[in-house]
Amino acid sequence: MNIILLSGGSGKRLWPLSNNIRSKQFVRVLRKTDFRDIEITEDSCYESMVQRVYRQIKDVDNHADVTIATSKAQVSSIRNQLGEDVGISVEPCRRDTFAAIALATAYLHDVKCIDSEDAVIVCPVDPYVENEYFDCLKKLHDAALNGSHNLMLMGIKPTYPSEKYGYICPQTSDGGIVYSFKEKPDEMMAKKYIEEGALWNGGVFGYKLSYVLDKAREILGSSEYDTLIKNYSSFRKISFDYAVVEEEKSIGVIVYKGEWKDLGTWNTLTEAMDDPIIGEAVLNESCDNVHVINELGIPILGMGLRDMVIAASSEGILVSDKEQSSYIKPLVEKIDQPVKYAEKSWGSYRVIDVRDESMTVVVTLNPGHGMNYHSHDKRDEIWNIVRGGGRTIVDGMEQYVKPGDVITMAAGCKHTIVADNEGLQLIEIQLGEEIAVSDKRKHELPTGLVGGL
(Lines give C-alpha, C1' and ligand atoms only; values in the text may rest on other atoms or scores of the structure.)
Protein backbone atom coordinates (compact mmCIF):
# COMPACT_ATOMS: atom_id res chain seq x y z
CA MET A 1 0.00 0.00 0.00
CA ASN A 2 1.33 3.44 -1.01
CA ILE A 3 0.38 6.28 1.34
CA ILE A 4 1.00 10.03 1.19
CA LEU A 5 0.55 11.82 4.53
CA LEU A 6 -0.10 15.56 4.28
CA SER A 7 1.83 17.42 6.99
CA GLY A 8 1.23 21.16 7.16
CA GLY A 9 0.11 23.58 9.84
CA SER A 10 1.22 26.98 11.10
CA GLY A 11 1.78 25.92 14.71
CA LYS A 12 -0.69 28.34 16.29
CA ARG A 13 -3.65 26.24 17.51
CA LEU A 14 -1.63 24.36 20.16
CA TRP A 15 0.53 27.30 21.24
CA PRO A 16 2.77 27.46 23.24
CA LEU A 17 3.83 23.85 22.59
CA SER A 18 3.54 24.32 18.83
CA ASN A 19 5.24 26.96 16.70
CA ASN A 20 6.10 27.58 13.04
CA ILE A 21 8.57 24.67 13.09
CA ARG A 22 7.00 22.30 15.62
CA SER A 23 3.41 22.03 14.37
CA LYS A 24 0.75 20.27 16.42
CA GLN A 25 1.42 16.85 14.88
CA PHE A 26 4.92 16.79 16.45
CA VAL A 27 3.89 17.55 20.04
CA ARG A 28 4.44 14.45 22.21
CA VAL A 29 1.49 14.24 24.63
CA LEU A 30 -0.22 10.95 23.70
CA ARG A 31 0.73 8.06 25.95
CA LYS A 32 2.15 5.11 24.05
CA THR A 33 -0.06 2.04 24.13
CA ASP A 34 2.67 -0.13 25.64
CA PHE A 35 2.88 2.15 28.70
CA ARG A 36 -0.82 2.85 29.23
CA ASP A 37 -1.00 1.07 32.63
CA ILE A 38 2.44 1.95 33.95
CA GLU A 39 3.03 4.80 36.40
CA ILE A 40 5.92 6.54 34.66
CA THR A 41 6.16 9.94 33.03
CA GLU A 42 9.44 9.94 31.10
CA ASP A 43 9.36 11.58 27.67
CA SER A 44 9.91 8.16 26.08
CA CYS A 45 6.42 7.12 27.22
CA TYR A 46 4.71 9.71 25.00
CA GLU A 47 4.33 9.92 21.26
CA SER A 48 3.19 12.62 18.85
CA MET A 49 0.24 12.45 16.46
CA VAL A 50 2.51 11.70 13.50
CA GLN A 51 4.28 8.92 15.42
CA ARG A 52 0.93 7.39 16.40
CA VAL A 53 -0.41 7.43 12.84
CA TYR A 54 2.82 6.01 11.40
CA ARG A 55 2.80 3.22 14.02
CA GLN A 56 -0.85 2.41 13.25
CA ILE A 57 -0.14 2.21 9.51
CA LYS A 58 2.71 -0.23 10.13
CA ASP A 59 0.53 -2.26 12.51
CA VAL A 60 -2.01 -2.78 9.74
CA ASP A 61 0.46 -3.09 6.83
CA ASN A 62 4.11 -3.49 7.81
CA HIS A 63 5.14 -3.17 4.14
CA ALA A 64 3.25 0.08 3.51
CA ASP A 65 5.35 2.62 1.62
CA VAL A 66 4.82 5.95 3.42
CA THR A 67 5.75 9.37 2.00
CA ILE A 68 5.15 12.62 3.86
CA ALA A 69 4.36 15.80 1.91
CA THR A 70 5.64 18.70 3.95
CA SER A 71 7.68 21.90 4.09
CA LYS A 72 11.44 22.18 4.58
CA ALA A 73 10.91 23.46 8.14
CA GLN A 74 9.38 20.14 9.22
CA VAL A 75 11.92 17.74 7.67
CA SER A 76 14.15 17.55 10.75
CA SER A 77 11.20 16.87 13.07
CA ILE A 78 9.98 14.10 10.76
CA ARG A 79 13.41 12.47 10.60
CA ASN A 80 13.90 12.73 14.37
CA GLN A 81 10.50 11.19 15.12
CA LEU A 82 10.10 8.64 12.31
CA GLY A 83 13.65 7.84 11.19
CA GLU A 84 15.17 7.52 7.74
CA ASP A 85 12.83 4.93 6.18
CA VAL A 86 9.93 7.30 5.53
CA GLY A 87 9.95 9.18 2.21
CA ILE A 88 9.66 12.98 2.23
CA SER A 89 8.33 15.20 -0.57
CA VAL A 90 9.38 18.76 0.28
CA GLU A 91 7.36 21.72 -0.96
CA PRO A 92 9.61 24.69 -1.89
CA CYS A 93 6.83 26.97 -0.61
CA ARG A 94 3.17 26.64 0.37
CA ARG A 95 0.75 26.34 -2.53
CA ASP A 96 -2.21 24.53 -0.85
CA THR A 97 -3.13 20.88 -1.14
CA PHE A 98 -3.49 20.37 -4.90
CA ALA A 99 0.09 21.37 -5.67
CA ALA A 100 1.35 19.46 -2.62
CA ILE A 101 -0.45 16.27 -3.66
CA ALA A 102 0.61 16.65 -7.31
CA LEU A 103 4.25 17.12 -6.27
CA ALA A 104 4.15 14.13 -3.90
CA THR A 105 2.55 11.96 -6.61
CA ALA A 106 5.29 12.97 -9.06
CA TYR A 107 7.84 12.17 -6.32
CA LEU A 108 6.43 8.64 -6.04
CA HIS A 109 6.55 8.19 -9.83
CA ASP A 110 9.85 9.88 -10.74
CA VAL A 111 11.95 9.48 -7.58
CA LYS A 112 10.62 6.27 -6.01
CA CYS A 113 9.87 4.73 -9.43
CA ILE A 114 6.32 3.62 -8.61
CA ASP A 115 4.33 2.65 -11.70
CA SER A 116 1.76 5.18 -12.91
CA GLU A 117 -0.95 2.49 -12.87
CA ASP A 118 -0.33 1.71 -9.20
CA ALA A 119 -2.62 3.27 -6.59
CA VAL A 120 -1.90 5.64 -3.73
CA ILE A 121 -3.86 6.87 -0.72
CA VAL A 122 -3.60 10.49 0.48
CA CYS A 123 -4.64 11.31 4.04
CA PRO A 124 -3.91 13.79 6.84
CA VAL A 125 -0.89 13.16 9.03
CA ASP A 126 -2.74 13.62 12.33
CA PRO A 127 -6.20 11.97 12.60
CA TYR A 128 -7.00 10.42 15.99
CA VAL A 129 -8.53 7.12 14.89
CA GLU A 130 -8.75 3.41 15.59
CA ASN A 131 -6.85 0.79 13.57
CA GLU A 132 -10.10 0.12 11.68
CA TYR A 133 -9.44 3.43 9.90
CA PHE A 134 -6.30 1.98 8.34
CA ASP A 135 -8.15 -1.19 7.38
CA CYS A 136 -10.45 1.16 5.46
CA LEU A 137 -7.40 2.71 3.81
CA LYS A 138 -6.43 -0.72 2.47
CA LYS A 139 -9.95 -1.17 1.07
CA LEU A 140 -9.73 2.30 -0.47
CA HIS A 141 -6.33 1.44 -1.99
CA ASP A 142 -7.69 -1.79 -3.50
CA ALA A 143 -10.76 0.01 -4.88
CA ALA A 144 -8.59 2.72 -6.45
CA LEU A 145 -6.35 0.07 -8.00
CA ASN A 146 -9.01 -2.33 -9.27
CA GLY A 147 -12.30 -0.40 -9.28
CA SER A 148 -14.09 1.56 -12.00
CA HIS A 149 -14.01 5.02 -10.36
CA ASN A 150 -11.44 7.70 -11.10
CA LEU A 151 -11.34 8.86 -7.49
CA MET A 152 -12.09 7.14 -4.20
CA LEU A 153 -13.01 9.04 -1.03
CA MET A 154 -13.34 8.00 2.59
CA GLY A 155 -16.68 9.12 3.99
CA ILE A 156 -17.10 9.48 7.75
CA LYS A 157 -20.50 9.16 9.38
CA PRO A 158 -21.25 12.64 10.83
CA THR A 159 -22.17 13.08 14.48
CA TYR A 160 -23.31 16.71 14.21
CA PRO A 161 -23.80 19.38 11.48
CA SER A 162 -20.25 20.68 11.31
CA GLU A 163 -19.23 23.75 9.32
CA LYS A 164 -15.54 22.67 9.41
CA TYR A 165 -15.77 19.75 6.97
CA GLY A 166 -16.80 19.18 3.39
CA TYR A 167 -19.65 16.75 2.69
CA ILE A 168 -19.90 13.77 0.37
CA CYS A 169 -23.49 13.76 -0.87
CA PRO A 170 -25.18 10.67 -2.38
CA GLN A 171 -27.47 11.10 -5.37
CA THR A 172 -29.61 8.54 -7.20
CA SER A 173 -29.18 8.13 -10.94
CA ASP A 174 -30.07 5.54 -13.58
CA GLY A 175 -26.79 3.80 -12.92
CA GLY A 176 -27.33 3.65 -9.15
CA ILE A 177 -25.89 5.90 -6.44
CA VAL A 178 -23.38 8.55 -7.45
CA TYR A 179 -21.59 11.00 -5.18
CA SER A 180 -20.93 14.70 -5.35
CA PHE A 181 -18.75 16.85 -3.09
CA LYS A 182 -19.87 19.99 -1.25
CA GLU A 183 -17.27 22.19 0.43
CA LYS A 184 -17.80 23.43 4.04
CA PRO A 185 -21.48 24.57 4.18
CA ASP A 186 -23.13 26.67 6.87
CA GLU A 187 -24.90 24.87 9.73
CA MET A 188 -28.36 24.94 8.15
CA MET A 189 -27.14 23.43 4.88
CA ALA A 190 -25.04 20.89 6.80
CA LYS A 191 -28.19 19.69 8.58
CA LYS A 192 -29.90 19.30 5.21
CA TYR A 193 -26.98 17.29 3.81
CA ILE A 194 -26.98 14.96 6.85
CA GLU A 195 -30.75 14.38 6.52
CA GLU A 196 -30.11 13.34 2.93
CA GLY A 197 -27.48 10.79 4.03
CA ALA A 198 -24.34 12.82 3.41
CA LEU A 199 -20.98 11.87 4.95
CA TRP A 200 -18.14 14.02 6.21
CA ASN A 201 -15.21 14.26 3.84
CA GLY A 202 -12.27 13.04 5.92
CA GLY A 203 -9.65 14.45 3.55
CA VAL A 204 -8.71 10.95 2.36
CA PHE A 205 -8.33 10.29 -1.36
CA GLY A 206 -7.45 7.19 -3.37
CA TYR A 207 -6.44 7.14 -7.04
CA LYS A 208 -4.03 5.72 -9.57
CA LEU A 209 -0.92 7.83 -9.93
CA SER A 210 -1.75 8.43 -13.59
CA TYR A 211 -4.99 10.21 -12.58
CA VAL A 212 -3.29 12.99 -10.61
CA LEU A 213 -0.31 13.13 -13.00
CA ASP A 214 -2.84 13.91 -15.76
CA LYS A 215 -4.45 16.57 -13.54
CA ALA A 216 -1.01 18.07 -12.87
CA ARG A 217 -0.33 18.38 -16.61
CA GLU A 218 -3.76 19.96 -17.11
CA ILE A 219 -3.64 22.45 -14.22
CA LEU A 220 0.09 22.99 -13.54
CA GLY A 221 1.49 22.43 -17.02
CA SER A 222 3.68 19.46 -16.12
CA SER A 223 3.73 16.18 -14.22
CA GLU A 224 7.52 15.84 -14.01
CA TYR A 225 8.92 16.14 -10.49
CA ASP A 226 11.94 18.29 -11.39
CA THR A 227 9.79 20.69 -13.44
CA LEU A 228 7.21 20.99 -10.69
CA ILE A 229 9.94 21.81 -8.17
CA LYS A 230 11.42 24.44 -10.50
CA ASN A 231 8.08 26.17 -11.17
CA TYR A 232 6.46 25.59 -7.80
CA SER A 233 6.44 29.18 -6.58
CA SER A 234 4.48 30.27 -9.66
CA PHE A 235 1.56 27.88 -9.07
CA ARG A 236 -1.69 29.40 -7.85
CA LYS A 237 -2.94 28.32 -4.45
CA ILE A 238 -5.86 25.93 -4.78
CA SER A 239 -7.04 23.01 -2.70
CA PHE A 240 -7.36 19.44 -4.00
CA ASP A 241 -11.04 19.59 -3.05
CA TYR A 242 -11.72 22.59 -5.30
CA ALA A 243 -9.37 21.66 -8.15
CA VAL A 244 -10.24 17.96 -8.42
CA VAL A 245 -12.93 16.56 -6.13
CA GLU A 246 -15.68 19.09 -6.90
CA GLU A 247 -15.13 18.62 -10.65
CA GLU A 248 -14.94 14.81 -10.68
CA LYS A 249 -18.04 12.86 -11.77
CA SER A 250 -16.67 9.34 -11.20
CA ILE A 251 -16.34 9.09 -7.40
CA GLY A 252 -16.52 6.01 -5.20
CA VAL A 253 -16.82 6.03 -1.40
CA ILE A 254 -15.68 3.75 1.41
CA VAL A 255 -17.45 4.52 4.72
CA TYR A 256 -15.55 4.63 8.03
CA LYS A 257 -17.79 4.32 11.11
CA GLY A 258 -15.22 4.22 13.90
CA GLU A 259 -13.79 6.91 16.19
CA TRP A 260 -12.45 9.92 14.30
CA LYS A 261 -11.27 13.11 15.93
CA ASP A 262 -9.42 16.19 14.78
CA LEU A 263 -7.08 16.99 17.68
CA GLY A 264 -6.59 20.51 16.42
CA THR A 265 -7.47 22.42 19.60
CA TRP A 266 -6.48 22.12 23.25
CA ASN A 267 -10.05 21.14 24.05
CA THR A 268 -10.07 18.13 21.70
CA LEU A 269 -6.45 17.19 22.39
CA THR A 270 -6.91 16.97 26.16
CA GLU A 271 -9.89 14.65 25.61
CA ALA A 272 -7.46 12.16 24.06
CA MET A 273 -4.79 12.50 26.77
CA ASP A 274 -4.56 9.68 29.31
CA ASP A 275 -2.57 11.77 31.81
CA PRO A 276 -3.91 15.04 33.22
CA ILE A 277 -0.37 16.17 34.05
CA ILE A 278 2.76 15.99 31.89
CA GLY A 279 5.80 17.62 33.44
CA GLU A 280 6.11 19.26 36.86
CA ALA A 281 2.71 20.21 38.26
CA VAL A 282 0.48 19.76 41.32
CA LEU A 283 -3.33 20.13 41.31
CA ASN A 284 -5.33 20.13 44.54
CA GLU A 285 -8.46 18.02 45.05
CA SER A 286 -10.82 20.87 44.19
CA CYS A 287 -9.59 20.96 40.58
CA ASP A 288 -11.86 19.30 38.02
CA ASN A 289 -11.22 18.50 34.33
CA VAL A 290 -7.86 20.29 34.31
CA HIS A 291 -4.84 19.37 32.16
CA VAL A 292 -1.31 20.68 32.60
CA ILE A 293 1.54 20.23 30.10
CA ASN A 294 4.74 21.78 31.40
CA GLU A 295 8.02 21.78 29.45
CA LEU A 296 9.69 24.28 31.78
CA GLY A 297 11.94 23.22 34.63
CA ILE A 298 9.81 24.92 37.29
CA PRO A 299 6.67 23.54 38.98
CA ILE A 300 3.11 24.69 38.29
CA LEU A 301 0.55 24.68 41.13
CA GLY A 302 -3.19 24.78 40.40
CA MET A 303 -6.00 25.19 42.95
CA GLY A 304 -9.77 25.31 42.53
CA LEU A 305 -9.63 25.21 38.72
CA ARG A 306 -12.43 23.94 36.48
CA ASP A 307 -12.36 22.93 32.79
CA MET A 308 -8.98 24.49 32.13
CA VAL A 309 -5.77 23.77 30.25
CA ILE A 310 -2.37 25.10 31.31
CA ALA A 311 0.50 24.72 28.87
CA ALA A 312 4.00 26.09 29.45
CA SER A 313 7.05 26.05 27.17
CA SER A 314 9.90 28.31 26.07
CA GLU A 315 7.42 30.00 23.70
CA GLY A 316 5.14 31.18 26.54
CA ILE A 317 2.43 30.11 28.98
CA LEU A 318 -1.23 29.46 28.20
CA VAL A 319 -3.92 29.48 30.91
CA SER A 320 -7.31 28.98 29.28
CA ASP A 321 -10.83 27.69 29.67
CA LYS A 322 -10.93 24.59 27.46
CA GLU A 323 -13.84 25.78 25.32
CA GLN A 324 -12.26 29.21 24.83
CA SER A 325 -8.97 27.59 23.75
CA SER A 326 -10.57 26.92 20.35
CA TYR A 327 -10.29 30.65 19.61
CA ILE A 328 -6.56 30.96 20.31
CA LYS A 329 -5.23 31.46 16.76
CA PRO A 330 -5.92 35.22 16.21
CA LEU A 331 -4.46 36.03 19.63
CA VAL A 332 -1.28 34.03 18.98
CA GLU A 333 -0.87 35.84 15.66
CA LYS A 334 -0.38 39.05 17.65
CA ILE A 335 2.67 37.58 19.43
CA ASP A 336 5.78 38.55 17.49
CA GLN A 337 8.85 36.62 18.60
CA PRO A 338 11.41 34.24 17.08
CA VAL A 339 10.97 30.49 17.45
CA LYS A 340 12.30 29.39 20.84
CA TYR A 341 12.24 25.63 20.40
CA ALA A 342 13.04 23.54 17.35
CA GLU A 343 14.15 20.06 16.41
CA LYS A 344 17.01 19.97 13.91
CA SER A 345 18.71 17.16 12.00
CA TRP A 346 21.50 17.17 14.60
CA GLY A 347 19.33 17.51 17.75
CA SER A 348 17.35 20.39 19.24
CA TYR A 349 17.64 23.84 20.79
CA ARG A 350 15.59 25.65 23.41
CA VAL A 351 15.89 29.38 24.17
CA ILE A 352 15.80 29.95 27.94
CA ASP A 353 16.64 33.65 28.26
CA VAL A 354 16.46 36.70 25.97
CA ARG A 355 17.83 40.14 26.84
CA ASP A 356 18.67 43.31 24.87
CA GLU A 357 22.17 42.16 23.84
CA SER A 358 22.23 38.48 24.78
CA MET A 359 20.41 35.19 24.29
CA THR A 360 20.90 31.95 26.21
CA VAL A 361 20.11 28.64 24.54
CA VAL A 362 20.20 24.99 25.64
CA VAL A 363 21.57 22.95 22.73
CA THR A 364 21.23 19.14 22.66
CA LEU A 365 23.20 17.14 20.09
CA ASN A 366 22.15 13.62 19.18
CA PRO A 367 24.86 10.91 19.44
CA GLY A 368 27.34 11.20 16.58
CA HIS A 369 25.75 14.38 15.21
CA GLY A 370 27.10 17.89 14.88
CA MET A 371 26.26 21.39 13.72
CA ASN A 372 27.29 22.88 10.39
CA TYR A 373 30.72 24.51 10.30
CA HIS A 374 29.65 28.14 10.48
CA SER A 375 30.37 31.69 11.65
CA HIS A 376 28.44 34.81 12.70
CA ASP A 377 29.23 38.37 11.64
CA LYS A 378 27.45 40.28 14.41
CA ARG A 379 27.71 38.21 17.57
CA ASP A 380 30.13 36.38 19.84
CA GLU A 381 29.28 32.96 21.29
CA ILE A 382 30.25 31.04 24.41
CA TRP A 383 29.68 27.29 24.80
CA ASN A 384 29.56 25.74 28.26
CA ILE A 385 29.53 21.92 28.06
CA VAL A 386 27.15 20.49 30.68
CA ARG A 387 26.64 16.86 29.66
CA GLY A 388 28.30 14.27 27.45
CA GLY A 389 31.38 14.80 25.33
CA GLY A 390 32.56 15.46 21.81
CA ARG A 391 34.90 17.53 19.69
CA THR A 392 34.94 21.19 18.73
CA ILE A 393 36.54 22.73 15.67
CA VAL A 394 37.30 26.44 16.04
CA ASP A 395 39.04 28.12 13.09
CA GLY A 396 40.43 24.77 12.00
CA MET A 397 41.70 23.71 15.44
CA GLU A 398 40.15 20.51 16.85
CA GLN A 399 39.91 19.58 20.54
CA TYR A 400 38.01 17.15 22.77
CA VAL A 401 35.46 18.70 25.18
CA LYS A 402 33.76 17.41 28.33
CA PRO A 403 31.41 18.78 31.05
CA GLY A 404 32.84 21.96 32.58
CA ASP A 405 34.76 23.03 29.47
CA VAL A 406 34.10 26.51 28.10
CA ILE A 407 34.73 27.50 24.47
CA THR A 408 34.63 31.14 23.34
CA MET A 409 34.13 32.23 19.72
CA ALA A 410 34.42 35.85 18.62
CA ALA A 411 32.33 37.22 15.74
CA GLY A 412 33.69 35.93 12.43
CA CYS A 413 35.21 32.83 14.00
CA LYS A 414 34.39 29.56 12.19
CA HIS A 415 33.19 26.85 14.56
CA THR A 416 31.29 23.62 15.05
CA ILE A 417 30.85 20.85 17.61
CA VAL A 418 30.25 17.11 17.16
CA ALA A 419 28.87 14.83 19.87
CA ASP A 420 30.40 11.47 20.68
CA ASN A 421 28.37 8.24 20.83
CA GLU A 422 26.50 9.27 23.99
CA GLY A 423 25.36 12.70 22.80
CA LEU A 424 26.14 16.13 24.23
CA GLN A 425 24.38 19.09 25.82
CA LEU A 426 25.70 22.63 26.12
CA ILE A 427 24.60 26.08 27.18
CA GLU A 428 25.17 28.60 24.40
CA ILE A 429 25.37 32.30 25.24
CA GLN A 430 25.05 34.68 22.29
CA LEU A 431 26.36 38.23 22.79
CA GLY A 432 25.88 41.15 20.42
CA GLU A 433 23.90 44.28 19.62
CA GLU A 434 22.05 42.45 16.84
CA ILE A 435 21.18 38.77 17.39
CA ALA A 436 19.28 37.19 14.50
CA VAL A 437 18.79 33.76 12.94
CA SER A 438 19.82 35.22 9.57
CA ASP A 439 23.31 36.04 10.90
CA LYS A 440 24.94 32.75 9.90
CA ARG A 441 27.49 31.80 7.26
CA LYS A 442 28.12 28.14 6.41
CA HIS A 443 31.64 26.97 5.50
CA GLU A 444 33.35 23.84 4.19
CA LEU A 445 34.86 21.72 6.95
CA PRO A 446 38.69 21.56 6.76
CA THR A 447 39.93 18.32 5.19
CA GLY A 448 40.93 15.61 7.65
CA LEU A 449 38.85 16.84 10.57
CA VAL A 450 35.81 15.11 12.12
CA GLY A 451 33.06 14.33 9.64
CA GLY A 452 29.38 13.54 9.75
CA LEU A 453 28.23 17.15 9.76
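Each remark here, short or long, concerns the structure printed above.
Residues numbered from 1 in each chain as written. Predicted model: local features only at pLDDT ≥ 70, side-chain atom pairs only at ≥ 80, totals over all residues. Heavy atoms only, no water.

A. The arrangement of the overall build of the protein in detail. Of the regular secondary structure elements, the protein holds 10 helices and 28 strands. Out of the 453 residues belonging to the protein, those deemed buried represent 51%. In the protein, the share of contacts with a sequence separation of at least 24, taken over all contacts with a separation of at least 6, comes to 65%. Here the protein displays about 21,800 Å² of accessible surface, and carbon together with sulfur accounts for 47% of that area. (Helix = DSSP H or I, 4+ residues; strand = E, 2+ residues; numbered from the N terminus. Buried < 20%, exposed > 50% of the residue type's maximum accessible area, 1.4 Å probe, protein only. Contact = heavy atoms within 4.5 Å. Areas by Shrake-Rupley, 256 points an atom, 1.4 Å probe, with all protein chains shown as cover.)

B. Just a negative patch on the surface, in detail. On the surface, D288, D307, D321 and E323 cluster together to form a negatively charged patch. Inspection of the secondary structure puts D288 in strand β16 (residues 288–294). Overall, the relative accessible area of 44% leaves D288 in the partly exposed class. (Patch = residues over 30% accessible without salt bridge, like charges linked within 9 Å, V, L, I, M, F, W, Y side chains within 5 Å. Salt bridge = Lys/Arg side-chain N within 4 Å of Asp/Glu carboxyl O. Lys, Arg positive; Asp, Glu negative; His and termini not counted. Charge placed at Lys NZ, Arg CZ, Asp CG, Glu CD.)

C. A look at a positive patch on the surface. A cluster of basic residues, K72, K344, K440 and K442, forms a positive patch at the surface. Here K442 shows up in strand β28 (residues 441–442). Taking relative accessible area as the criterion, K442 reaches 60% and is therefore assigned exposed.

D. View of the packing of aromatic side chains. For the structure shown, the criterion picks out 13 aromatic pairs. Summarising the aromatic geometry, the rings of Y133 and F134 are spaced 5.0 Å apart at their centres and angled 75 degrees between planes, so their arrangement reads as edge-to-face. Both residues of the pair, Y133 and F134, belong to the buried class. Here the aromatic residues F98, F205, Y207, Y211 and F240 are joined through ring pairs into a cluster of three or more. The ring of Y128 has R52 sitting right over it, with the charged end atom 4.1 Å from the ring centre. (Phe/Tyr/Trp six-rings, centres within 6.5 Å; stacked < 30°, edge-to-face > 60°. Lys NZ or Arg CZ within 6 Å of the ring centre and 35° of its normal.)

E. Spotlight on helix α4 (residues 131–146). Spanning 16 residues, α4 covers 23 Å between terminal C-alpha atoms, matching the ideal 22 Å at 1.5 Å per step. Every buried residue belonging to α4 is among Y133, F134, C136, L137, L140, H141, A143 and A144, and all of these are buried. End-on, the buried residues of α4 take up no more than an arc of 165 degrees, which puts them together on one face. Every exposed residue of α4 that faces more than 90 degrees away from the buried side is listed here: K139 and N146. (Expected span 1.5 Å × (residues − 1). Arc of directions from axis to C-beta.)

F. Just the sheet that holds strand β14 (residues 277–278), in detail. The strand order across the open sheet formed by four strands is β14-β16-β18-β19, and the pairing between neighbours is mixed. Taken across any chain shown, the strands that pair with only one partner, and hence form the sheet edges, are β14 and β19 (316–321). Where β16 and strand β18 (residues 306–313) come together, six bridges link them in parallel fashion. Paired with D288 across the bridge in β18 is R306. (Pairing = 2+ DSSP bridges.)

G. Looking closely at the packing of helix α1 (residues 49–60) against α4. In the contact formed by α1 and α4, the axes pass within 9 Å of each other and the chain directions differ by 60 degrees. Our classification of the angle between α1 and α4 gives oblique. In the crossing of α1 with α4, the sense of the turn from one axis to the other is right-handed. Every residue of α4 that contacts α1 at V53, Q56, I57, D59 and V60 is listed here: N131, F134, D135 and K138. Looking at the contact of α1 with α4 residue by residue, the classes come out as four nonpolar, two polar and three charged. (Axes fitted to C-alpha atoms, helices over the stretch in contact; angles between N-to-C directions. Parallel < 35°, antiparallel > 145°, perpendicular 65-115°, else oblique. Left-handed = near helix turned anticlockwise from the far one by under 90°. Nonpolar A, V, L, I, M, F, W, Y, C, P; charged D, E, K, R; others polar.)

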